[in-house]
Structure formats: structure tokens, C-alpha cells
Amino acid sequence: MARVYAKISSLFSVFRTIPLKTHHQIRLSSTTPKKLFYTEYGDPLKVVNLTEAELRDPQPDEVVVKLLAAPVNPADINTIQGKYPSKPKLPAVPGNEGVGQVVCVGSNVTGLFEGDHVVPLSQNLGTWQTHLVLPKESVLKVTKKLGLVEAATLTVNPCTAFRMLRDFKELKPGDTVIQNGANSACGQNVIQICRSWGIRTVNIIRDRPNIAKLKTYLHELGATHVFTEEELRSTEIFKEGTVAKPKLALNCVGGKNALECLRHLENGSPMVTYGGMSRDPLTIPTSALIFKDLQFRGFWMTRWSKENATSVDRFEMFSELISMMTSNELKGPAYEMVDFQNYREALINTLTIKGMIGKKYILKFD
């Protein structure tokens, strides 16, 4: 175990800091902390409210963090609705992701000091509030070179994309991955990570009025091919040998869309399901199991993070993703900043299909 923590420490040597002030030397500035909260599950527009909050000095092993930005994710909406498997104890503050600035540290805290940027490492910490008091183990220090949007959205979609590409099939440069929901936040990360690793992507999106603009955007991110669902049914690229048959399929839609994707998979390859936006079940033909020996797996980032909370793999993943982001190989999703006071705007937009697979709405704090 000592060697594990030593390796983790060495991964983040770039973040080493000078000796710290204690919470006795740092006083919290006069402020009126605020938070969003809900006391019952239901329609987010009806059950989520804004209120003032209390702010206390940290205990010896705690840090006080002032939030800078926090995204509104579809999973956050589902949690408030009571539809998500991970349910916080009520009353609760929503929000799993975000980036904040350390404003005060406890007397036993090392490796963190006032002004550092941090992201949450645990689920259901409640990032939709101006301030958080957290155990030092619940945050990860990130370089200030990391953009605000990239930092605020680091721990869910980039990590989901990374793990699905790393854990279910050994991929090498020149291999092909097929995915639906390619314009989702996770899909955009898949495209960019694959480009960085030399992997080709076949990306499926729904038809829409601005389809040409969306295709251009995804190609600029690094997509090899972009098809609508209808175009995928008629494409000849796999028969012609233009692109090798995919060795991995990533599914966040389900229904007929997923069925069409698996039709092109190489024998013995896995389809990994991590969402079901169409709400239609994934129906697997018997022939896909008998004659193609396809594999069907599921992935949930929350479970993986809990099971690997202190693993070397987790911190190596963060290190690699942050390196890609600071070198502009991986950028944050299309987004719109919304003032914290206008949180209902972010909720309304995320509740629509626009928020599910379009731009990310991010709460910004003054």
C-alpha cells in the first residue's frame, strides 16, 4: 500500500507546494454563502430552491472551497427526480462535478494551500453551492493551467470515455471504435481521446436541420466518419475496406440505433452500454451471440470511482487526461455559462433534449 501511495504522489509532483498556513492564520472573508437544495424528489423546477447557507472554519483535516463553476449534468437531473441509482440523503444539495478554489485549510492539511484549484473526488458532495467544507481526501488539486470548463467537467465524461476505451478491449493505433450519441459530452471526449491515441472513430448522430454544421464540428474534433442513423444503414465503408470493422462499440442510445451499430462489429467484440437516451430497450439478436460471439457489457462511472477510489489507475487516468487538456489535445464540451442566481435557466435547458446531447450548461459563481 505504501508503494501505491508513493506512486500516486510521484504522479502529481508537479503540484507540490510550499508550507501551508493554518486555518488559524486564514480567516474567511465576509460573504453570504448560498446553496441550491431540495427536500423531496420530483420536478427539478419545482423542488430545487435557492437559500442562504452557513459557513464554518475547517476542522484540522478539512478544507474550505469556494466554488468557481459547476455543470448541470443529466445525471444530476435524474438524481433530483429520484430516478438515479445513487440517491443522496435528503435534504440534499445537487451537483457531483465542479471546480473550486481553496480559501482555508485545516491545521493538519498538507499539499493544499490558499488559492489552489481543486475538483471533487467523491460523489454527491453537492457542488451547486458557493462554498463547501470537505475532508482533504475528497478533493484533487489540479493545475491552474487547466481551463475552468475542462476542470469543472473533468470527473464524469472524460473519465467515462477514458475507461470505456481502456478497459473493455485492447485497442491499438489504426483500430476502429463505433459510437452513437457522438455529439454528447462523453461522445466528444471519445472522439478526441481516440484521435490522440491514433484510433479511428465512426460516429452516429440523429438527423437534424443543422446536420452539416454538427458534422463539421465533430470532424474538427477528430472524428474519422460521422453518419446519421439512416446513413449508417446504407454505408459501404466496412464492406469496401475503407475502415476496419470496429473492435468496440459504445452505446448511450439503445433501441434500433444500438442494433444498427452492433451489426457492424467485428466478431467477438464488445458493445459497452452506458446510457439509454431513447428509452428503448437493447434487443440483441440471437445470431449476434451464436455466430458473431459479440459481448455485451455495461459501464457506470460512479461504481468504477467507488471501487477504485484510491487506485493508481484512477490517478494515472486523471494525470493523462489533464495532460491532454493542458496540451490542447482534449477540450471541454460545447457549453454555456449561467449565473448561479439564474440556475432555473440551466435546469430548463438540461431538462430538454438540447441539454442532454447539445451544449453543457455550467453554473458560474461570483
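Right above here is the structure, for reference.
These notes cover the structure that comes with them. (Residues numbered from 1 in each chain as written. Predicted model: local features only at pLDDT ≥ 70, side-chain atom pairs only at ≥ 80, totals over all residues. Heavy atoms only, no water.)

**Considering the packing of helix α3 (residues 74–81) against helix α14 (residues 343–351)**
- At a minimum axis distance of 10 Å, the contact between α3 and α14 shows a crossing angle of 95°. Between α3 and α14, the interaxial angle falls into the category roughly perpendicular. For the pair formed by α3 and α14, the contact residues are P74, I77 and Q81 on the first element and L347, T350 and L351 on the second.
- Among the residues forming the contact of α3 with α14, the class breakdown is 4 nonpolar, 2 polar and no charged. (Axes fitted to C-alpha atoms, helices over the stretch in contact; angles between N-to-C directions. Helix = DSSP H or I, 4+ residues; strand = E, 2+ residues; numbered from the N terminus. Parallel < 35°, antiparallel > 145°, perpendicular 65-115°, else oblique. Contact = heavy atoms within 4.5 Å. Nonpolar A, V, L, I, M, F, W, Y, C, P; charged D, E, K, R; others polar.)

**Description of the side chain of D175**
- Structurally, the position occupied by D175 is in the loop between α5 (157–167) and β8 (176–180).
- At 3.3 Å, the side chain of D175 forms a polar contact with the side chain of K247.
- Discounting residues that sit within four places of it in the chain, D175 has contacts with E170, I199, R200 and K247. (Polar contact = N/O pair within 3.5 Å; in protein donor to acceptor, adjacent residues only side chain to side chain.)

**Let's talk about unusual backbone geometry**
- Cis geometry is found at the peptide bond from L90 to P91, where omega equals -5°.
- Position of P91 relative to the elements: it lies in the loop between α3 and β4 (99–105).
- A positive phi angle, near 50°, is found at D293, a position not held by glycine.
- Assignment of secondary structure puts D293 in the loop between α11 (286–290) and β13 (295–298).
- Positive phi, close to 65°, is recorded for N328, a residue that is not glycine.
- Mapped onto the elements, N328 comes out in the loop between α13 (312–326) and β14 (335–339).
- Using a relative accessible area of 69% as the deciding quantity, one classes N328 as exposed. (Buried < 20%, exposed > 50% of the residue type's maximum accessible area, 1.4 Å probe, protein only.)

**Considerations on the environment of Y217**
- Here Y217 is to be found in helix α7 (residues 211–221).
- Relative accessible area serves as the criterion here: at 24%, Y217 is assigned to the partly exposed category.
- For the pair Y217 and N183, spaced 34 residues apart in the sequence, the C-alpha separation amounts to 9.1 Å.
- Excluding residues within four positions of it along the chain, Y217 makes contact with Q188, K331 and A334.
- Here Q188 takes part through its side chain, which lies 3.0 Å from a polar atom of the side chain of Y217.

**Regarding the sheet that holds strand β11 (residues 248–251)**
- Here 6 strands make up an open sheet; going across it, the order is β10-β9-β8-β11-β12-β13 and the pairing parallel. Of all strands in the sheet, those with a lone pairing partner are β10 (225–228) and β13, marking the two edges. Neighbour-to-neighbour, the strand axes of the sheet open up by a mean angle of 20°, direction not taken into account.
- Where β8 meets β11, 3 bridges bridge the pair, whose relative direction is parallel. Directly across from I178, in β11, lies its bridge partner A249.
- Along the sheet face, helix α10 (residues 255–262) touches β8, β9 (200–205), β11, β12 (270–273) and β13 and points at about 170° away from the line of β8. (Pairing = 2+ DSSP bridges.)

**Here's the deal with the packing of helix α6 (residues 185–197) against α13**
- Running from N to C, α6 and α13 point in directions that differ by 90°, and their axes come no closer than 12 Å. Judged by the inter-axis angle, α6 sits roughly perpendicular to α13. Between α6, through Q192, I193, S196 and W197, and α13, the contact on the second element is made entirely by E320, L321 and M324.
- Looking at the contact of α6 with α13 residue by residue, the class counts come to 4 nonpolar, 2 polar and 1 charged.

**Focus on α13**
- Spanning 15 residues, α13 covers 21 Å between terminal C-alpha atoms, matching the ideal 21 Å at 1.5 Å per step.
- Listed in full, the buried residues belonging to α13 are V312, R314, F315, M317, F318, L321, I322, M324 and M325.
- Two residues or fewer after α13 comes N328, characterised by a positive phi angle close to 65°. (Expected span 1.5 Å × (residues − 1).)

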